Amino acid sequence: MQGDKLSAIGRTVETASGRISYTEQGTGPVALFVHGVLLNGHLWRHQLADLADVRRCLAVDLLAHGDTEIAPDQDVSVTANAKMLKEFLDALNIAEVDLVGNDSGGGIAQIFAALYPERVRTLTLTDCDTHDNWPPEAFKPFLAMAAAGGLPGTLHAMLSNKHVYRSPQALGPAYEHPEQLSDDSIEKYLRPFVRSEQRTRDLQRFLAAFDNKHTLAIEDRLRTLKAPTLIVWGTDDIYFDVKWSRWLADNIPGTRQRVELKGARIFFPEERWEEFNKELRAHWQAAQPKVA
């Protein structure tokens, strides 16, 4: 059963990596959307709603995020998440996807595409961890806070006062217009992390596993990736400078186009979704096999 153009449907599927939560909308070839740290599939709601006429859109919740349920001590690294995506697709009998990643989800998408190139019909990367820029300098204070034991208090502070989430000291710099992010979206992103002490610990383990060894390990294979690739980058991102979009374009031979969104920041798929969806549609259309 597939979602339709009018509504997104929340689902779960059992895999070796846990009970994976995802949202589905639309019909047609499958597009798989992969979010980054501190978020979940809600990031992609505008893609699911707007692109459901041309794709069966799936927005997955990563290990240690959203409603995905995992074992207390399992690996939650980015490589483990890439392997989870393969298990996820296997469980749904999906052979190949149009893969779209953002932030650490873009790093996971690179790893997935390098390890399982036969599963990638097209690849789209937005501002994300690249090469040895993992974790980015601007995110290291957050990681240090979490390592020092401050994560539970910080999560509760951001939930009890949403202005804290939007502040320059928290996630505000990830948005062009943080004041426009709704309280409801902040709840959807953060509430799953505090449903239990275990879920907070899972996020802590995800953060502690940040290491550029994961992206460096697959670079030889990334440099052989022939899947048609689109790179879309916000020029005002404090975490991932636009130079990394050029690095990806230079190192992924399947790159067809690199687009810069002037003034955009890391979470532009949410803020400037109309511009981004236009690029996705054009990319997917150009990559379709020509009919004789």
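Structure: above.
An account of the accompanying structure is given in this report.

Details of the packing of aromatic side chains
And then number 1: Per the stated rule, a full pass over the model turns up 11 aromatic pairs.
And then number 2: Both rings, one in Phe112 and one in Tyr116, keep their centres 5.3 Å apart while their planes meet at 55°; by these two values the pair is tilted.
And then number 3: Overall, Tyr116 belongs to the buried group, its relative accessible area being 13%.
And then number 4: Pairing Tyr165 with Tyr175 gives two aromatic rings, centres 6.4 Å apart and planes at 50°, and the pair type is tilted. With Tyr165 in helix 6 (residues 162-165) and Tyr175 in the loop between helix 6 and helix 7 (183-190), this pair connects stretches of sequence that are 10 residues apart.

What about helix 4 (residues 140-147)?
Because each turn of an α-helix spans 3.6 residues, side chains separated by three or four positions in sequence point in the same direction.
And then number 1: When we look at burial in helix 4, the residues that qualify are Phe142, Leu143, Met145 and Ala146. Buried residues along helix 4 cover an arc of 160° about the axis, so they all sit on one side. Looking at helix 4, the residues exposed on the side facing more than 90 degrees away from the buried face are Pro141 and Ala147.
And then number 2: As for helix 4, its buried residues are in contact with helix 5 (151-160) and helix 8 (197-208).
And then number 3: Looking one or two residues past helix 4, Gly149 carries a phi angle of roughly 95°, positive in sign.

Concerning the sheet that holds strand 3 (residues 30-34)
And then number 1: Strand order in this open sheet of eight strands is 1-2-4-3-5-6-7-8, and the pairing throughout is mixed. The two strands at the open ends of the sheet, each matched to only one other strand, are strand 1 (9-15) and strand 8 (255-261). Averaged over all pairs of adjacent strands, the angle between strand axes in this sheet comes to 20°, irrespective of strand direction.
And then number 2: Contacts from helix 13 (residues 273-287) reach strand 3, strand 5 (97-103), strand 6 (120-128), strand 7 (229-234) and strand 8 within the one sheet, and its direction differs from that of strand 6 by about 155°.

A look at unusual backbone geometry
Most peptide bonds adopt trans geometry, and most residues besides glycine take a negative phi value.
And then number 1: Omega for the peptide link from Trp134 to Pro135 comes to -5°, which places this bond in the cis form.
And then number 2: The backbone of Asp103 sits at a positive phi, close to 60°, despite the residue not being glycine.
And then number 3: On the accessibility criterion, Asp103 (8% relative accessible area) is buried.

Remarks on the pairing of strand 6
The two faces of the sheet receive side chains in turn, since in a regular strand these alternate between them.
And then number 1: Burial within strand 6 is extensive, with eight of its nine residues counted as buried.
And then number 2: The parallel pair strand 5 and strand 6 is bridged by helix 3 (residues 104-115), and the resulting crossover is right-handed.
And then number 3: Relative to strand 7, strand 6 runs parallel, the two being bridged by three bridges. Residue pairing across strands places Leu125 opposite Ile231, the latter belonging to strand 7.

Rules and cut-offs
Residues numbered from 1 in each chain as written. Predicted model: local features only at pLDDT ≥ 70, side-chain atom pairs only at ≥ 80, totals over all residues. Heavy atoms only, no water. Phe/Tyr/Trp six-rings, centres within 6.5 Å; stacked < 30°, edge-to-face > 60°. Buried < 20%, exposed > 50% of the residue type's maximum accessible area, 1.4 Å probe, protein only. Helix = DSSP H or I, 4+ residues; strand = E, 2+ residues; numbered from the N terminus. Arc of directions from axis to C-beta. Contact = heavy atoms within 4.5 Å. Pairing = 2+ DSSP bridges. Axes fitted to C-alpha atoms, helices over the stretch in contact; angles between N-to-C directions. Right-handed = clockwise from strand over helix to strand, strands pointing away.

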